Amino acid sequence: EVFPTNRLVETAGKYSAARAQSLEFRFENEDILLERARERLWFGWGGFGRNRIFDERGKDVSVTDGEWILRVGIRGLLGFAGSFGLLLWPVLVARRRGRLAADPDDARLLDNLALLAAVSAVDLLPNSIMNTLPFLISGAVAGVSDTLVQQARAAKTAALARHA
């Protein structure tokens, strides 16, 4: 009851009954998958579809759309935190390191890459990952921010050497 699913379905219903029904179906599936995930909340069910829901005949009756429910079900909360932490940690670090940029173009590059990485991570919540592009973007953010730190240290060292 943390996420306002009912309000979102109602809002979608104002625009399209089909969209509202689709969204409600998705939320219902995430609820049953979350119940299954709670049985092994910290480390998840692992592979081989053990995180999914099966009927009495063994037919898979669950539909997973969001990357978050896949990660929580398969890898647990720790796997979810690790995956999304890997995506978002460079964004958090970049915020602090962007101030070190001597060139405003470098700061803008870092800001734009960080924004792209953050949007990609947020997009993964309702959508499943189909490629590694969000991880590539987060890696680029980490690389650019690390380069800015190295440049700032080199400039500081050179300034100290000139004054000595």
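Note that this is a predicted model, so its numbers are computed, not measured.

J.: Mind showing me how you'd approach the environment of Asp105 here?
T.: In this structure, Asp105 sits in helix α4 (residues 104-124). By relative accessible area, which is 46% here, Asp105 ends up partly exposed. Here Arg108 takes part through its side chain, which lies 2.4 Å from a polar atom of the side chain of Asp105.

J.: How should I be thinking about the side chain of Glu67 in this particular structure?
T.: By secondary structure assignment, the location of Glu67 is in helix α3 (residues 67-97). We classify Glu67 as buried; its relative accessible area is 5%. Those residues in contact with Glu67 that lie beyond four places of it in its chain are Phe84, Leu124, Leu125, Asn127, Ser128 and Ile129.

J.: Can you help me understand the nonpolar core in this one?
T.: The nonpolar side chains of soluble globular proteins are, as a tendency, buried together. Counting residues in each nonpolar core, the largest one holds 12 residues, listed as Val91, Ala94, Ala101, Ala107, Leu110, Leu113, Ala114, Ala117, Ile137, Val141, Val144 and Leu148. Among the elements of the structure, α3, α4 and α5 (133-163) are those that each provide at least two residues to this core. Considering each element in turn, this core owes the most residues, 5 residues, to α4. Setting aside anything within four residues of it in sequence, one finds Ala94 in contact with Leu110, Ala114, Val141 and Ser145. Listed in part, the 5 residues of the second largest apolar core include Leu33, Leu34, Ala37 and Ile69.

Conventions adopted
- Residues numbered from 1 in each chain as written.
- Predicted model: local features only at pLDDT ≥ 70, side-chain atom pairs only at ≥ 80, totals over all residues.
- Heavy atoms only, no water.
- Helix = DSSP H or I, 4+ residues; strand = E, 2+ residues; numbered from the N terminus.
- Buried < 20%, exposed > 50% of the residue type's maximum accessible area, 1.4 Å probe, protein only.
- Polar contact = N/O pair within 3.5 Å; in protein donor to acceptor, adjacent residues only side chain to side chain.
- Contact = heavy atoms within 4.5 Å.
- Core = buried A, V, L, I, M, F, W, Y, C linked by side-chain atoms within 4.5 Å.

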